[in-house]
Amino acid sequence: MTAPAPVRLFALATGVIVVSLYLPQPLVGLIGTSLALSPAAAGLVSTLILAGYAAGLFLLVPLCDLVENRRLILATLATNAAALAIAACPIAPAGFLAISFVVGLTTCSIQMLVPLAAAMTVEAQRGRVIGNIMSGLLLGAMLSRPLASLVAEHFGWRAAYALLAAAIVLLGGMLAFRLPHRQPPKTTRYRVLVGSLATLWREEPILRRRALSAAASFAAFNAFWSLVALPLAAPPFGFGAVGIAVFALASISGAISAPIAGRLGDAGKSGIAMRVAHVTLIVAMLLAGVAGSSWATTSLPRDALIAMMGLAAILLDAGTIADQALGRRAVNLLQAEARGRINGLFTGVFFIGGAIGSAVAGLAWAHAGWIGVCAVGATGALVALALDRQPLGEGASGAALQTCK
């Protein structure tokens, strides 16, 4: 395939599609009240979307190596739009929970676009292209919560679902005109395809290390962002809902690290760039810990504390985004015929790492407060840094070793 990837369109697409994952998080209270759900059942809305996404990564994304890619992506997007439209309608609570799982399941079309973009791009530019697309994805993830809150405040929570469904339909129309046809080079039975995930994990040391590094980094990222609203809402910060939304928006500047990291990877400097990214994560968590400590909150002016916490958020986002951009570049240089499965594995593993980070951070908050949360994040960052120094060993990806370093 020689046609260049429509990078801006792909970045826009991933940024729009990813909103589905985070849309219900700021709306869970409104949804629960509207559907008369108990607090535990209301919490299932976000959980089911994320569970569906994880299922899609392992069960649907591997189809990129079996089914014609354009048709697969458009069909998955159409199903996603339909599920969002159904969720916007007055349906029974059980039906809403079920359709939430489908929304998450079909959001995995994001990870179908990334390997397609990699296949459309020459190797010398692949890191830059993937980095730019990841910038779009992470910008969408960061903007999703404040945008959902804004729409729901003025038009109701169902309108947020309806508007996203309309955006997905519009996006699907744009992609229908720009996506190329790509038939995977080899075909096999679906059962064999999914079963080969374990083989790929065993045989590709670069995949293992980059996926585990991304999981550890994403654990630090989620530990911070899952609970930072709690210290920000308390004295001396005293932020309301709008203030917390503005704080989240300010951290978006960290997304600039994705294209920079991609270019460094293309220039053969992935190793040093990855280590810098992980050191940046450690610094971010230490800075956040100091900003939220009892000493700082009683000794430093409020503006200084806000600046410290804001800088920590920017550095955290920059380090996480750089890690993912470099990791995706590395794994997309591996077996071209298995690119869809490799991408699904990589994303699934780091997604699990993020979920673990959130869960452990919640326990740390209950027992040690914000300092405990930052300790969880710093531990994830240290694990990622330690992985940089581990030998890759032998494996099928040995030929790509020098390229990925």
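Residues numbered from 1 in each chain as written. Predicted model: local features only at pLDDT ≥ 70, side-chain atom pairs only at ≥ 80, totals over all residues. Heavy atoms only, no water.

Draft legend 1. Inspection of the overall build of the protein chain at higher detail. Helix and strand counts for the protein chain stand at 19 helices and 0 strands. The buried share among the 405 residues of the protein chain stands at 56%. Considering only intrachain contacts with a sequence separation of at least 6, the fraction spanning at least 24 residues in the protein chain is 86%. Of the roughly 16200 Å² that the protein chain leaves accessible, carbon and sulfur atoms contribute 70%. (Helix = DSSP H or I, 4+ residues; strand = E, 2+ residues; numbered from the N terminus. Buried < 20%, exposed > 50% of the residue type's maximum accessible area, 1.4 Å probe, protein only. Contact = heavy atoms within 4.5 Å. Areas by Shrake-Rupley, 256 points an atom, 1.4 Å probe, with all protein chains shown as cover.)

Draft legend 2. Molecular detail of the confidence of the model for the protein chain. Residues of the protein chain with pLDDT of at least 70 account for 85%, and the chain-wide mean is 81. Helix H19 (residues 401-404) is the least confidently modelled element of the protein chain, averaging 44 in pLDDT, while helix H5 (residues 69-87) averages 94, the highest of any element. With pLDDT under 50 throughout, residues 392-405 is counted as low confidence; its partners more than four residues away or in other chains account for 34 contacts. (pLDDT = per-residue confidence, 0-100.)

Draft legend 3. Here's a closer look at the environment of Leu84. Relative to the helices and strands, Leu84 resides in helix H5. In this structure the C-alpha to C-alpha distance between Leu84 and Val103, which are 19 residues apart in sequence, comes to 6.4 Å. Those residues within four positions of Leu84 in sequence are excluded, and the remaining contacts are Ser20, Val103, Tyr161, Leu164, Ala165 and Ile168.

Draft legend 4. View of the packing of helix H11 (residues 205-227) against helix H18 (residues 339-387). With their axes 4 Å apart at the nearest point, H11 and H18 run at an angle of 35 degrees to one another. In this structure, H11 meets H18 at a crossing whose hand is right-handed. By residue class, the composition of the contact of H11 with H18 is 28 nonpolar, 11 polar and 2 charged. (Axes fitted to C-alpha atoms, helices over the stretch in contact; angles between N-to-C directions. Left-handed = near helix turned anticlockwise from the far one by under 90°. Nonpolar A, V, L, I, M, F, W, Y, C, P; charged D, E, K, R; others polar.)

Draft legend 5. View of the side chain of Thr320. Relative to the helices and strands, Thr320 is located in helix H17 (residues 302-331). Thr320 sits in the buried class, given a relative accessible area of 2%.

Draft legend 6. Highlighting the packing of helix H1 (residues 7-17) against helix H9 (residues 157-178). In the contact formed by H1 and H9, the axes pass within 10 Å of each other and the chain directions differ by 155 degrees. Our classification of the angle between H1 and H9 gives roughly antiparallel. H1 and H9 meet at a crossing whose hand is left-handed. Here H1 contributes Leu9, Leu12, Ala13, Val16 and Ile17 to the contact with H9, which in turn contributes Leu164, Ala167, Ile168, Leu171, Met174, Leu175 and Arg178. (Parallel < 35°, antiparallel > 145°, perpendicular 65-115°, else oblique.)

Draft legend 7. Local environment of a nonpolar patch on the surface. Taken together, the side chains of Leu139, Leu143, Leu147, Leu150 and Leu249 make up a nonpolar region of the molecular surface, amounting to roughly 380 Å² of accessible area. Broken down by element, the residue count for the nonpolar patch peaks at 4 residues, all from helix H8 (residues 126-155). Mapped onto the elements of the fold, Leu150 is located in helix H8. The exposure class of Leu150 is partly exposed, given its relative accessible area of 46%. (Patch = residues over 30% accessible without salt bridge, like charges linked within 9 Å, V, L, I, M, F, W, Y side chains within 5 Å. Salt bridge = Lys/Arg side-chain N within 4 Å of Asp/Glu carboxyl O.)

Draft legend 8. Expanded view of the packing of aromatic side chains. This model, assessed by the stated rule, comprises 8 aromatic pairs. Where Phe96 meets Trp157, the ring centres are 5.5 Å apart and the plane angle is 85 degrees; that geometry is what we call edge-to-face. Here the residue Phe96 occupies a position in helix H6 (residues 93-106), and Trp157 occupies one in helix H9, the gap between them amounting to 61 residues. Summarising the burial analysis for this pair, Phe96 and Trp157 share the class buried. (Phe/Tyr/Trp six-rings, centres within 6.5 Å; stacked < 30°, edge-to-face > 60°.)

Draft legend 9. Summary view of H6. The first and last C-alpha atoms of H6 sit 20 Å apart over 14 residues, in line with the 20 Å expected at 1.5 Å per residue. All of the buried residues in H6 are Phe96, Leu97, Ile99, Ser100, Val103, Gly104 and Thr106. (Expected span 1.5 Å × (residues − 1).)

Draft legend 10. Representation of the environment of Leu197. As for its placement among the helices and strands, Leu197 is situated in helix H10 (residues 190-203). Residue contacts for Leu197: discarding those within four places in its chain leaves Phe58, Pro62, Arg341 and Leu345.

Draft legend 11. A look at the layout of surface pockets. Of the pockets and cavities examined, the second largest pocket occupies roughly 240 Å³. If you trace the second largest pocket, you find 15 residues lining it, with Val19, Leu23, Leu147, Ala148 and Leu164 closest to the centre. Listing elements by their share of the lining of the second largest pocket, those giving two or more residues are H1, H8 and H9. The element best represented in the lining of the second largest pocket is H8, accounting for 7 residues. Per-class residue counts for the lining of the second largest pocket are 12 nonpolar, 3 polar and no charged. (1 Å grid on protein atoms, 1.4 Å probe; cavity = no way out; pocket = protein on both sides within 12 Å on 5 of 7 lines; lining within 4 Å. Points joined across faces, edges and corners; volume = space filled by probe spheres on them.)

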